[in-house]
Structure formats: C-alpha cells, structure tokens
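Report on the structure
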Amino acid sequence: MRVTRLPDVERSEGRRVAVGTFDGVHLGHREVIAGSDAVLTFDPHPVSVVAPRHTPKLLTTLERKAELIASLGVQELIVIPFDARFAQRSASEFIDDVLVGALGAAQVSVGENFRFGHKAQGDARLLAADRRFETVVRPLLEVDGEIVSSSHIRGLVLAGELSQANRLLGAPFQLQGEVVHGDERGRELGFPTANLVPDEALACPGHGVYACLSDGRLAAVSVGVRPTFQTGRGELVEAFIIDFDGDLYGNCLRLDFLERLRGERRFDAPEDLVAQMHRDVERTREVAAGQRPVA
C-alpha cells in the first residue's frame, strides 16, 4: 500500500476514497472503508489542533493505522498534515480543493457522523448534495446495543477490558516502544522483563497483568507502578517474554494485548510475587492456547 502526504499525491480520476480520522481502525471504520481503494486521513488528530485540551489518547500511531488499513486491501493511504492553516479551510474548499481537485474522487465514503471544514460545518448531507462524485454514507455500527466508537474503545482499554476492546477493534490492541533499562528486579526474581515507557499520547491499558503476544511470542505483561517495590519510577510496561533468552535493549517491541489476567497487587514478600508470576505465566499459556484470531 502506498502512503502519500497530500501535497505529494498524484491526481487520479475515479478514486474511491474513504475519509475519516479512523483512530483504531475499528469495526465501524472498516464498514466505511469497505469497497474503497484509497483512504484519506489526518495527522495529527484534528482535535489536537482545534481543541488541544480535549486531545484524546490515541489507539493507534499513524504507522499502526497504516498497517491495519493495508490489511483491508486498500491500495493507497493519503495523509493530510493537519495544522491550524488547514483547519481554517471551509467545508466547500475541502470538497473542491482536496476531494475533487487533488484526488479526483469518483466516490466518497464516510460515516454518518463525519464532520469537516472550518468549525465542522460540513457533513454527510453536504457531500451527498455534490454531484461530482457518489457519496456513500455508512450508518454507525452497533454491537450488543453499543455504538462502536474510538472513545468507547479507549474507555474499555483504560478499564482493562481488552477482550471486549479487541472484539470491537477487529484486531488486538497494540502497544509498541523501545526496550529501555530498568531496575532489573525481574531478573533478580527469575523473570527478566523487557521494559517500555508508555507514550503519553497513546491509550494505555489500565494497571494490571495481561496475556500478550510479543512479536509472535507469548508474554505476561505488567502495566503499572510495581507496588511491591519502592522504585520511584513512574508508569511502566514490563513484558516477561516466555521461553525467550536474549538481549532486547534498544529494540522496538510490539505487544498485542489479548486478555487481562488480574489487577495490580501489592505482595507481602518477593516470594509471594514470584509464586503469582508463575501462575500468570501458566494463565498466559492457557489464554493464548484458547485464543482464536480476532481479525
């Protein structure tokens, strides 16, 4: 899949374009994208520019979003570098200059709640009124009586409800980051961990222990502040990669979260923690063995 920034895109008559922020590329987004050969999105998230105080914690980086969109068979991802100047464009300018002028869109697909242009004055009805392209408006998707939305999924991730979040995402929730040096407490206890410092711009699962996959390997992952020890460190993501012996410092590690095993706990003694970690590892094996592909 080609990834192109808007100033560099080549105009091509007949594009079938899905338009949206698509944070998480969840099941509702996939309905909007279905049948499109190109996706038009925004980076950074428009809210971070027009209302910075309300910037959401993102479910996906741009790179992860591109991977998920590519997995849907889309041929081209077009990224609009969203800034204050672009935010001043009127809805009609967005249609004229971007959808028609730059892209040559023959079909535009959006969700029913999509808004665009200065002060969000453009909507699906405005698009549908334009006869230069066909407009496809996808209704909001409901699962078990709940609207599938990025904000709802963020809440599930924060609450540790990863099984339900993954169901709505259509793929495992993923964190990734560089492996950094820690206090090596895990190594002293017989459970060496790969430590990641969460990106503050991204959603992070609530404190607890999770069954994960780490680049295809099983991993028992702790998210939290390590209450059994006084470390002075902030929030950490610590991954014990099962049946792995190697040096990961400086590498970029991907963690696919499968299921929450338990909440964060304080143990009276390190031996109690070690016993629990053994149980966490066994439970991780059980979860992975029973896990069916989400996507």
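Please read all numbers here as calculations on a predicted model, not as lab measurements. (Residues numbered from 1 in each chain as written. Predicted model: local features only at pLDDT ≥ 70, side-chain atom pairs only at ≥ 80, totals over all residues. Heavy atoms only, no water.)

Looking only at helices and strands, one finds 10 helices and 14 strands in the chain. With the C-alpha coordinates of the chain rotated into their principal frame, the extents come out at 70 × 35 × 35 Å. When the 295 residues of the chain are sorted by exposure, 47% land in the buried category. Once local pairs closer than 6 in sequence are excluded, the contacts in the chain between residues at least 24 apart make up 71%. Taken as a whole, the chain presents about 14,700 Å² of accessible surface, with 47% of it coming from carbon and sulfur. Side chains of the chain carry 34 positive and 43 negative charges; the gap between the two charge centres is 3 Å. (Helix = DSSP H or I, 4+ residues; strand = E, 2+ residues; numbered from the N terminus. Buried < 20%, exposed > 50% of the residue type's maximum accessible area, 1.4 Å probe, protein only. Contact = heavy atoms within 4.5 Å. Areas by Shrake-Rupley, 256 points an atom, 1.4 Å probe, with all protein chains shown as cover. Lys, Arg positive; Asp, Glu negative; His and termini not counted. Charge placed at Lys NZ, Arg CZ, Asp CG, Glu CD.)

What follows covers the packing of helix H7 (residues 150-158) against helix H8 (residues 162-169). Contact geometry of H7 with H8 gives a least axis separation of 8 Å together with a crossing angle of 155 degrees. Classed by the angle they form, the pair H7 and H8 counts as roughly antiparallel. As H7 packs across H8, the resulting crossing turns out to be left-handed. Here His 152, Ile 153, Leu 156 and Val 157 of H7 lie close against H8, whose contacting residues are Leu 162, Gln 164, Ala 165, Leu 168 and Leu 169. A breakdown of the residues in the contact of H7 with H8 according to their chemical character gives 7 nonpolar, 2 polar and no charged. (Axes fitted to C-alpha atoms, helices over the stretch in contact; angles between N-to-C directions. Parallel < 35°, antiparallel > 145°, perpendicular 65-115°, else oblique. Left-handed = near helix turned anticlockwise from the far one by under 90°. Nonpolar A, V, L, I, M, F, W, Y, C, P; charged D, E, K, R; others polar.)

Mean pLDDT over the chain stands at 92; residues scoring 70 or higher make up 93%. Here residues 228-233 is modelled with pLDDT under 50, and outside its nearest four sequence neighbours on either side it reaches 14 contacts, counting other chains as well. (pLDDT = per-residue confidence, 0-100.)

When we look at burial in H8, the residues that qualify are Leu 162, Ala 165, Asn 166, Leu 168 and Leu 169. The buried residues of H8 occupy one face: seen down the axis, they fall within an arc of 165 degrees. On its buried face, H8 is in contact with helix H1 (27-33), strand E7 (142-143), H7, strand E9 (173-178), strand E11 (208-214) and strand E14 (252-262). (Arc of directions from axis to C-beta.)

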